[in-house]
Amino acid sequence: EPRAPPPEAAAMAALVGPVERALRCVRLEMLEVPTIAAYRKDEIHPLVEAWLWEVHELDGRWAWLNARKAELRAQFERDGERMGLVAESGEAAAFEQALKRADDDAAIGDLSDYLAVRQGVALQGGGAEGALAANLGALAAAGAGKPIRHGLLAGAHKAGVDILAAQLGLGSSDFAANLRDGWQSHALDEPADTAEGAAEAFVEAAMEAHDGKVPGIPSGLVDDVLKAMRELAAHLLSTEPSVRAHVRAHMLERALVTVTLTERGEKEIDGAHPHAELRKYRGEALRGLLRARPTAERPMPPPPLPMAERDAALLRFVRARRAESEGLVVVKVAMPEYGTLDRDEMYADFLRAYCADENSPPPDHDPEGFTRLSWNTQRYLLLERALVGLLYDRLTRQLDAQLAYAAQRSLVRAVQRSFDNILSASRPLRDKELRERRTLQRDAYSARAVLVACCKDPNSPTVLFAKLSADGELVDFFRSEWLHISARRHPQTGEWKSRSAADRSRKLDEVRKLAEFLAGEDSGSPAFVVVGASGLRCRELRTDLEALGRALAVRAKEGAFAFDQYNECPFPLGHLELVDGPLGIDRIRREPLEEARPAILMTVAEMDAGSPFRVVYGAETIPALYEISEMAARELGERHPLLWRATSLGRMAQDPLVELAHVCGGTGDGLGGLFLHPLQGALPRDTLVDALRERTVSAVARIGVRLPWVLAHGLQGRHLLQYVPGLGPRKAARLYDQLSNLSLGSDEVATRAELAERNLLGPRVYYNAAAFVFFSPVGGGGLRDEGDVEIEPTLEVTRVHPEHYEYANQLCVQAAADDEADELPGVNDAV
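Predicted, not measured: the structure shown is a model, and the values here were computed from it. (Residues numbered from 1 in each chain as written. Predicted model: local features only at pLDDT ≥ 70, side-chain atom pairs only at ≥ 80, totals over all residues. Heavy atoms only, no water.)

Draft legend 1. Structural context of the overall build of the protein chain. Within the protein chain one finds 35 helices and 12 strands. In the protein chain, which comprises 831 residues, the share counted as buried stands at 48%. For the protein chain, long-range pairs separated by at least 24 residues make up 70% of all intrachain contacts whose partners lie at least 6 apart in sequence. Roughly 40,900 Å² of accessible area belongs to the protein chain as shown, and the carbon and sulfur atoms make up 52% of that amount. (Helix = DSSP H or I, 4+ residues; strand = E, 2+ residues; numbered from the N terminus. Buried < 20%, exposed > 50% of the residue type's maximum accessible area, 1.4 Å probe, protein only. Contact = heavy atoms within 4.5 Å. Areas by Shrake-Rupley, 256 points an atom, 1.4 Å probe, with all protein chains shown as cover.)

Here is the structure:
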């Protein structure tokens, strides 16, 4: 449930077993997700198919994480001694523990930076973690920070100022422990000399050992040495994994996503602009958008927003990013403006964990406290550099990349919902009411039309009507240019709505021709008319077609004269006049003009019941892609592009999966060419195609594919076959060619078992695909409509998996057995 509270620990623990068994099916048995969802329900309960797709994706990311862990462990074993991280040291043990705890991309990136900095490689000004960006699709500018092997940090390593950094009193691991505990559980070792004095002694020793030069610090100045010491210490602190986890949790709780209009955005973004909602949108808290992971430092992270609100907020973030690319807004993920650093709670925690308490008694060697003050000054500066210059900057970019990935996943879900709506809405043939109203012809090669599809040109009054047969072939078409003209009288005043008598005459003539087209005896009368829903004008077109259906019902009962009268004035109501009365304004109804009163005795309910067809809407997303493809001209010839679109729209109404596979499999653009969401341009093409392929495979698995139908319908069947679980474009093309060659030689495949026995499919592919293909005679209209064709009652036309045929046969025999008979019936008779 989108608004349900987070599940309890016990409920989460109960899912471990099902997830483990699902992963075993994926990895060891090499089963596809639809196969697991359909035929391993008893093993994976309560997991559903949508969760299995998520598990499949997360398993791939987990494998990548394990590979990165192995690389980091090998790097540590190879270079650890050179970095001073020997196996006996505490930092080495801490690194190994952090490596075991790392279970996401951010933690792996922290450990990678930890090793890089200790080799003198600075990552200042970098983007998101390179591994993170590569794994999440590299949205926009998310990329790895460029390694800097020169500069202040490299000079600090070369000069060996780690000796000075050690006098600061705490190592990075001790500082992380103090920060976690909230007090100085590891006490400071306060040096005897001031920071400046220690730096001067270091410079003198270095110059004496290196012929008057300090390696890595050409100037040899004390201030530069102290600056290098602070830079090294700041990098060491900021790359400590525990410190990063602590600061990241703090930022997740307090960071904000802000959206600010630029000067250009203030001028261009108005109420009619595509980004109009950004004018009032000023961002929101990051904790509502990203799901924080529980850690030892934050065992109870704040819960995010409910799923529906979170998806809406993430889509606004995607829109804001697009507007930013157009120069209209500026989007930032940053900490709140505290005014001064002293008001930052995390900075106060850093000071408490790393600096000496100035109110405590000074040590014996520093009775005046000058040494403590000198070193505390260096600590203040390096902590500011570590927190603001390194941690906040680095983690902000990392969180920005994580937010972009979360927004990408939200956009993928929105695109998948739109895709599912198109497939579910384009199924009027499945409507039970329609089946009862009209008996549809389902002969595979019948020319009897079962529907009419129409599309309107958005820039002209042209409307094309395409009449299709049961197998989706174009039977006839009609072109209209005058349906947009109103040829009716006003229902209250009786006046003509159109002032041109010639236009009214053209409109009425065209309505009569359209009526003959829809009720034609040669090409057949349709059961329903599909109107392409491409703009607001389609509502007027649907209204006119519904009125035409009522007019045909009137003509069938009262004659042609009543048909013309209805088209002129379908509902004469008279008109109302407002006059002054004694108590105010009175309403007086005036009777309609005599010549505007048609002599029609039928009610609206009777007209609707007698209408020969039903008018429904159809989505034009897939037909629009077919219209601009070369495949349309090859199949339908050089005709008006609207006729191509209308033909595809009618096929979508008959069977959307077949037309989807036909269009997307033959245009070259594939599923990535569909326009499903105004923001889908923010998705990488591979991500979009994978998401839509996932939904298509699931839809085909739910319905199934009949192989005889595939062979009888050429390219349509060939393109559909690639979406059967276990198959793909290459395996499907190979299987189709082999089945076609066998059918030409009168050696057709008649059972599922023959697919494996004749080596048409390998063992794993056969196991995944066998249950989703049927062997039944070719009917018409769609994948599963056999019509009046007699089907042999075998298990080849059921969803029973071949591995369960033996049990299914036993059940049939037991169910068909007569208790009084001595012998059991045969298997075939029982089935």
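Draft legend 2. Quick look at the environment of Ser-185. By secondary structure assignment, the location of Ser-185 is in the loop between α11 (172-181) and α12 (195-209). Distance in space between the C-alpha atoms of Ser-185 and Phe-175 is 9.2 Å, their sequence separation being 10 residues. For Ser-185, the residues in contact, after removing those within four places along its chain, are Ala-177 and Asn-178.

Draft legend 3. How the structure looks around the packing of helix α30 (residues 714-721) against helix α31 (residues 729-744). Between α30 and α31, the shortest axis-to-axis distance is 8 Å and the interhelical angle comes to 135°. As summarised for this structure, α30 and α31 are arranged oblique, according to the angle between their axes. Considering only the axes of α30 and α31, their crossing is right-handed. Of the residues in α31, those in contact with Gly-714, Arg-718 and Leu-721 of α30 are Ala-732, Ala-733, Leu-735, Tyr-736 and Asp-737. (Axes fitted to C-alpha atoms, helices over the stretch in contact; angles between N-to-C directions. Parallel < 35°, antiparallel > 145°, perpendicular 65-115°, else oblique. Left-handed = near helix turned anticlockwise from the far one by under 90°.)

Draft legend 4. Looking closely at the pairing of strand β7 (residues 528-532). Burial runs high along β7: five of the five residues are buried. Of the two faces of β7, the one holding Phe-528, Val-530 and Gly-532 and the one holding Val-529 and Val-531 are both buried throughout.

Draft legend 5. The arrangement of a negative patch on the surface in detail. On the surface, Asp-193, Glu-196, Glu-200, Glu-204, Glu-208 and Asp-223 cluster together into a negatively charged patch. Here Asp-193 lies in the loop between α11 and α12. (Patch = residues over 30% accessible without salt bridge, like charges linked within 9 Å, V, L, I, M, F, W, Y side chains within 5 Å. Salt bridge = Lys/Arg side-chain N within 4 Å of Asp/Glu carboxyl O. Lys, Arg positive; Asp, Glu negative; His and termini not counted. Charge placed at Lys NZ, Arg CZ, Asp CG, Glu CD.)

Draft legend 6. Region of interest: the confidence of the model for the protein chain. The predicted model of the protein chain has a mean per-residue pLDDT of 78, with 80% of residues at 70 or higher. Taken as a whole, residues 124-146 scores under 50 in pLDDT and shows 54 contacts with residues more than four places along the chain or in a different chain. Predicted confidence for residues 428-448 stays below pLDDT 50, and this span has 56 contacts to residues more than four positions away or in other chains. (pLDDT = per-residue confidence, 0-100.)

Draft legend 7. Geometry of the packing of aromatic side chains. With the rule as written, the count across this model stands at seven aromatic pairs. Pairing Phe-175 with Phe-350 gives two aromatic rings, centres 5.1 Å apart and planes at 80°, and the pair type is edge-to-face. With a gap of 175 residues between them, Phe-175 in helix α11 and Phe-350 in helix α17 (residues 345-354) connect regions that are remote in the sequence. Judged on exposure class, the residue Phe-175 and its partner Phe-350 are both buried. (Phe/Tyr/Trp six-rings, centres within 6.5 Å; stacked < 30°, edge-to-face > 60°.)

Draft legend 8. The arrangement of the packing of helix α7 (residues 105-117) against helix α14 (residues 241-254) in detail. Where α7 meets α14, the closest approach of the two axes is 9 Å, and the angle between their N-to-C directions is 135°. Classified by the angle between their axes, α7 and α14 sit oblique to one another. When you trace α7 past α14, the crossing you get is right-handed. Contact with α7, carried on its side by Ala-106, Gly-109, Asp-110, Leu-111, Asp-113 and Tyr-114, involves Pro-241, Arg-244 and Arg-248 of α14 and no other residues of that element. A per-class count over the contact of α7 with α14 returns four nonpolar, one polar and four charged. (Nonpolar A, V, L, I, M, F, W, Y, C, P; charged D, E, K, R; others polar.)

Draft legend 9. Fine view of unusual backbone geometry. Omega for the peptide link from His-45 to Pro-46 comes to 15°, which places this bond in the cis form. Note on placement: Pro-46 falls in the loop between α4 (41-44) and α5 (49-79). The phi torsion at Asp-211 lies on the positive side, around 55°, for a residue other than glycine. Along the chain, Asp-211 turns up in the loop between α12 and α13 (222-238). For Asn-759, which is not glycine, the phi dihedral falls at a positive 60°. Relative to the assigned elements, Asn-759 resides in the loop between α32 (752-757) and α33 (763-769). A residue is classified by how much of its surface remains accessible, and Asn-759, at 59% relative accessible area, is exposed.

Draft legend 10. Geometry of the state of the cysteines. Going through the model one piece at a time under the given rule, you end up with zero disulfides. With no disulfide of its own, Cys-454 lies closest to Cys-455 among cysteine sulfurs, the gap being 6.7 Å. According to the relative accessible area criterion, Cys-454 is buried, its value standing at 0%. (Disulfide = S-S within 2.5 Å.)

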